[in-house]
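So the chains spell out like this:
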Amino acid sequence: KVTPHVSVSAWLDARFASEEHAHDTFSVSQQMALARGTLVHRYLELWDFSKEKAPEVNAFLSREYPQFREDVEWIEYLGGVAKALRASEIYGVLNDEGPLRRELPLLVSLEGRWISGTIDVLTHANTIVDYKTGAYRAESLGRYEMQLTLYADAVERLSGNRPSNALLYFVDSGQVHRVDVSGSLFSG
């Protein structure tokens, strides 16, 4: 018997039905939001937080997204993301806690399904950091908290050590939201 496989996003969509996730086709604005999220995640993935400076935006765009290398809006946007992150408490977490494991893939069995996802950052001190682009919306926090609890469950299953902290970092606003991951989604 083959166990169905779903992404973390699809698994969460089934639990948090909303207008945002109700359509099978993406609008242009949803496609742009997805592209922005992908670009920002890659920028943050390549950032060596042990160095004083953020990656130079023009060099990053030229190397990773050459179609945007002269785009003033993208240059200013990423510059603002870097400035907000450096001013945030997240910068200290990413800078001071030793080696970072980034874009950590996971595959975990839950509710008769294999669920796959990617943890943005797992620090040496066993803290999960998840980046969110777009506006901070309180109505999305339940979804994001469940996502980070699932990540904590997966890390515990795979390593035997439950993450002590989980943080959502909203890159556009620089807001940080702490998530209690002490409870588990797994029964027994």
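Provided above is the structure to which this section pertains.
This structure is a prediction, so every number in the text was calculated from the model and none was measured.

Rules used throughout
- Residues numbered from 1 in each chain as written.
- Predicted model: local features only at pLDDT ≥ 70, side-chain atom pairs only at ≥ 80, totals over all residues.
- Heavy atoms only, no water.
- Helix = DSSP H or I, 4+ residues; strand = E, 2+ residues; numbered from the N terminus.
- Expected span 1.5 Å × (residues − 1).
- Buried < 20%, exposed > 50% of the residue type's maximum accessible area, 1.4 Å probe, protein only.
- Contact = heavy atoms within 4.5 Å.
- Axes fitted to C-alpha atoms, helices over the stretch in contact; angles between N-to-C directions.
- Parallel < 35°, antiparallel > 145°, perpendicular 65-115°, else oblique.
- Left-handed = near helix turned anticlockwise from the far one by under 90°.
- Phe/Tyr/Trp six-rings, centres within 6.5 Å; stacked < 30°, edge-to-face > 60°.
- Salt bridge = Lys/Arg side-chain N within 4 Å of Asp/Glu carboxyl O.

**Student:** Just give me the short version of helix H6 (residues 141–159), but keep the residues and values in it.
**Tutor:** Taking 1.5 Å as the rise per residue, H6 with 19 residues should run 27 Å; its terminal C-alpha atoms sit 26 Å apart, in good agreement. All of the buried residues in H6 are Leu141, Arg143, Tyr144, Gln147, Leu148, Thr149, Leu150, Tyr151, Ala152, Asp153, Ala154 and Val155. Looking at the buried positions of H6, the neighbouring elements they touch are helix H1 (8–15), strand S2 (100–110), strand S3 (113–123), strand S4 (127–132), strand S5 (165–170) and strand S6 (175–179). Once H6 finishes, glycine 160 follows within two positions and takes phi at roughly 85°, a positive value.

**Student:** I'd love a proper account of the packing of helix H3 (residues 57–64) against helix H4 (residues 72–87), names of residues and values included.
**Tutor:** Running from amino to carboxyl end, H3 crosses H4 at an angle of 120°, the nearest separation of the two axes being 10 Å. By the criterion of interaxial angle, the relationship of H3 to H4 is oblique. Crossing of H3 against H4: the hand is right-handed. Here Val57, Asn58, Phe60 and Leu61 of H3 lie close against H4, whose contacting residues are Trp74, Ile75, Leu78 and Gly79.

**Student:** Lay out the packing of aromatic side chains with the relevant residues and their values.
**Tutor:** Counted by the stated rule, this structure contains 10 aromatic pairs. Both rings, one in tyrosine 136 and one in phenylalanine 170, keep their centres 4.8 Å apart while their planes meet at 75°; by these two values the pair is edge-to-face. You can see tyrosine 136 sitting in the loop between S4 and H6 and its partner phenylalanine 170 sitting in strand S5, a full 34 residues away along the chain. Overall, phenylalanine 170 belongs to the buried group, its relative accessible area being 1%. Summarising the aromatic geometry, the rings of tyrosine 144 and phenylalanine 170 are spaced 6.1 Å apart at their centres and angled 55° between planes, so their arrangement reads as tilted. Residue tyrosine 144 is located in helix H6, and its partner phenylalanine 170 is located in strand S5; the two are separated by 26 residues in the primary sequence. You'll find tyrosine 144 and phenylalanine 170 in the same group, each marked buried. Every member of this aromatic cluster is reached through a ring pair, and the members are Tyr43, Trp47, Phe49, Phe60, Tyr65 and Tyr91.

**Student:** For the pattern of salt bridges, give the residues involved together with the corresponding values.
**Tutor:** Within this structure, the stated rule accounts for eight salt bridges. The salt bridge partner of arginine 42 is glutamate 64, with a shortest N-O separation of 3.0 Å. Of this pair, arginine 42 sits in helix H2 (residues 28–46) while glutamate 64 is found in helix H3, placing the two residues 22 residues apart along the sequence. Where arginine 162 meets aspartate 153, a salt bridge forms, and the shortest distance between an N and an O atom there is 2.8 Å. Each member of the pair, arginine 162 as well as aspartate 153, carries the same accessibility label: buried. Here the salt bridges share partners, and the residues they tie into one network are Arg42, Glu45, Arg63 and Glu64.

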